[in-house]
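Understanding the architecture of this molecule
Residues per chain, in single letters:
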Amino acid sequence: MIQNQSHFEKLYHEYKTLVYNVALNYLQNIEDAEEITQDVFVKVYHSHQNFNQKSSYKTWIYRITINHCLDYIKQKNSQKRFFIFGKKSQNEQEYLNTSTFEHPGIQLEKKEEAEILFSVINTLTENQKTAFLLSKLDGLSNPEIAEIMQLSISSVESLVFRAKATLQERLAEKFTHYRKKK
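Below is a short write-up of the structure. (Residues numbered from 1 in each chain as written. Predicted model: local features only at pLDDT ≥ 70, side-chain atom pairs only at ≥ 80, totals over all residues. Heavy atoms only, no water.)

Comments concerning the overall build of the chain
Looking only at helices and strands, the chain features 8 helices and 0 strands. Seen in sequence order, the chain has helices and strands lined up from the N terminus as α-α-α-α-α-α-α-α. Out of the 182 residues in the chain, the part that is buried amounts to 38%. A separation of at least 24 residues holds for 65% of the contacts in the chain among residues at least 6 apart in sequence. When the accessible surface of the chain is split by element, carbon and sulfur atoms take 51% of a total near 11,100 Å². (Helix = DSSP H or I, 4+ residues; strand = E, 2+ residues; numbered from the N terminus. Buried < 20%, exposed > 50% of the residue type's maximum accessible area, 1.4 Å probe, protein only. Contact = heavy atoms within 4.5 Å. Areas by Shrake-Rupley, 256 points an atom, 1.4 Å probe, with all protein chains shown as cover.)

Side note on the packing of aromatic side chains
As enumerated under the stated definition, the model contains 4 aromatic pairs in all. Between Phe8 and Phe41, the ring centres sit 6.4 Å apart and the planes meet at 75°, which makes this aromatic pair edge-to-face. Taken as a pair, Phe8 in helix H1 (residues 5-27) and Phe41 in helix H2 (residues 30-47) lie far apart in primary sequence, 33 residues in all. Judged by centre distance (4.9 Å) and plane angle (75°), the rings of Tyr12 and Phe41 are edge-to-face. Of the two residues, Tyr12 is situated in helix H1 and Phe41 in helix H2; the sequence distance between them amounts to 29 residues. (Phe/Tyr/Trp six-rings, centres within 6.5 Å; stacked < 30°, edge-to-face > 60°.)

Remarks on H1
Where H1 bends most, at Tyr15, the angle is about 50°. Gln28 sits one or two positions beyond H1 and adopts a positive phi of about 50°. (Bend = angle between axes of the 7 residues up to and from the residue.)

What about unusual backbone geometry?
Backbone geometry places Gln28, a non-glycine residue, at a positive phi of 50°. Take Gln28: it is sitting in the loop between H1 and H2. Its relative accessible area of 2% is what places Gln28 among the buried residues.

Structure representation (structure tokens):
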């Protein structure tokens, strides 16, 4: 636990927007992003003594946030698979709903196109998605991403390059199909 309450409050106020935005980029759902933000700061509060000072607080909090997001996605996907194999629920929508795509930064008229874009981003491998989101949406440099992901800079460059190539290919297919439907 954090011994100094004011230190925790400072960390919270400094990084709450960063954590929320990362979670929102991963999950595209306001309530899920809020839940992850709360979970991350509970973890920060309880595991502060494990912070090793080898990296910055920002890097440490990014890592916790990304791991929580990835775990949340895995848990949500396993619930969906479990439902397919026979779990009954009063609220089937709870298991069938992938993402309600609530992203306040997206204008209403662009929402459908943004939903397609994020659906394709969500098909990337975990590492490609993480590197791409940190690079293109959070605007971090490759050395910062390398530190957060605990990879070499060249590995990050490769992940971002492959993510962009994959996205370009898949988006070309999606938007050609999307435009034909209109």
